[in-house]
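# Structural overview for review
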Amino acid sequence: MKLVVGAATDVGRVRTGNEDGYLVDDAIGLVALADGMGGHQGGEVASATALEALRAAVRAGRPLRDAVLDANDAVYRKSLTDEALAGMGTTLTAGTMAAGNTLILAHVGDSRAYLLRDGALRRVTTDHSHVQELVDEGQLTNDEAAVHPLRNIVTRALGLDPTVEVDVYPVELHVDDRVVLCSDGLTDMVHEDAIEAELRREPDPTVCARKLVDRANAAGGVDNITVVVVAVTEAASGAADGSSDAPPAVELAADVAAVRLGTDAP
Ligand code: MG
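Residues numbered from 1 in each chain as written. Predicted model: local features only at pLDDT ≥ 70, side-chain atom pairs only at ≥ 80, totals over all residues. Heavy atoms only, no water.

### Quick look at the coordination of the magnesium ion
Coordination of the magnesium ion by the protein involves Asp35 (OD), Asp184 (OD) and Asp223 (OD), with metal-donor separations of 2.1 to 2.2 Å. If you list the donors of the magnesium ion from N- to C-terminus, the spacing comes out as D-x148-D-x38-D. Of this pair, aspartate 184 sits in helix H5 (residues 184-187) while aspartate 223 sits in the loop between helix H7 (205-218) and strand S11 (225-233), placing them 39 residues apart in sequence. Comparing aspartate 184 with aspartate 223 shows no difference in burial state: the two are buried. (Donors = N, O, S within 2.8 Å, 3.2 Å for Na, K, Ca; no water. Helix = DSSP H or I, 4+ residues; strand = E, 2+ residues; numbered from the N terminus. Buried < 20%, exposed > 50% of the residue type's maximum accessible area, 1.4 Å probe, protein only.)

Now the structure itself:
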């Protein structure tokens with residue numbers, strides 16, 4: 001098994017800066033997406049700080065949940081050093097490969113991870129948002145939540161407190177699966193049925209990420225949009241097969257930088 005990762009980010013059609021960020025590090029098999037929030041430069045700083053701290057922690061051998069806690073700590077500490085950064089925060093959704101073809105996902109906030117398997121899209125993560133709580137209580141349907149005026153209120157984010165609760169989801173991958181990480185700039189604009197259709201139609205992960213961003217912009221692009229698409233493929237002949245204990249290799253799609261931290265579309 002081999003993972004091929006494509007990604008795209010865009011400022012959208014309304015905002016002036018891109019506070020989203022993503023990271024693909026093939027050396028350590030890490031993918032991550034962060035959607036920052038906060039006045040002035042706060043959102044950009046929060047997402048970039050979280051991604052850099054996450055990467056450093058995973059590189060140092062920290063388990064993913066602990067690495068997310070390290071990222072929380074880094075954003076929180078930085079927010080205390082500068083009045084302009086006070087109160088900044090970020091979502092963080094990250095995946096790293098473990099043995100046995102298991103993808104470990106760790107998640108805080110209202111960005112999302114999806115799994116496309118056998119043509120059907122399933123949401124893996126649960127939003128930490130006010131409207132998700134209303135869905136859980138039976139007061140809203142998913143479709144009502146998707147267009148609710150208060151849908152952008154998050155109930156959990158990195159950097160707001162010295163510690164944070166992290167959701168962890170192990171996903172055993174199959175060949176031909178697609179895993180998608182995305183910010184709410186996609187899911188606020190594009191219905192899950194349309195996301196599913198695009199994933200089924202477009203096999204190239206980079207092209208697919210770009211097309212999903214284009215769809216969000218065509219629908220109004222009211223927020224920054226970031227999409228990371230992980231395609232699970234057969235390993236090349238001679239490489240380790242799915243029975244190996246070693247995690248599968250992560251490969252970058254041709255035009256994805258090894259590590260992208262920052263704000264402007266590539
Ligand atoms: Mg957003």
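### With respect to the pattern of salt bridges
Here the structure, examined in full by the defined rule, presents 19 salt bridges. The residue arginine 210 makes a salt bridge to aspartate 214 at a minimum N-O spacing of 3.7 Å. Residue arginine 210 and its partner aspartate 214 are located together in helix H7, separated by four residues, close to a single helical turn. For arginine 210, a relative accessible area of 31% gives the class partly exposed. Here the salt bridges do not stand alone but share partners, grouping Arg112, Arg123, Asp127 and Glu192 into one network. (Salt bridge = Lys/Arg side-chain N within 4 Å of Asp/Glu carboxyl O.)

### A word on helix H2 (residues 64-81)
Along an α-helix, residues three or four positions apart point the same way, because every turn accommodates 3.6 residues. Here H2 spans 26 Å end to end across 18 residues, near enough to the 26 Å set by a 1.5 Å rise per residue. Among the residues of H2, Leu64, Ala67, Val68, Ala71, Asn72, Val75 and Ser79 are the ones counted as buried. Along the long axis of H2, the arc covered by the buried residues comes to 150°, so they all point the same way. Facing away from the buried side of H2 by more than 90 degrees, the exposed set consists of Arg77, Leu80 and Thr81. Those residues of H2 that are buried are in contact with strand S3 (30-37), helix H1 (42-59), strand S4 (89-90), strand S5 (92-98) and strand S6 (102-108). (Expected span 1.5 Å × (residues − 1). Arc of directions from axis to C-beta. Contact = heavy atoms within 4.5 Å.)

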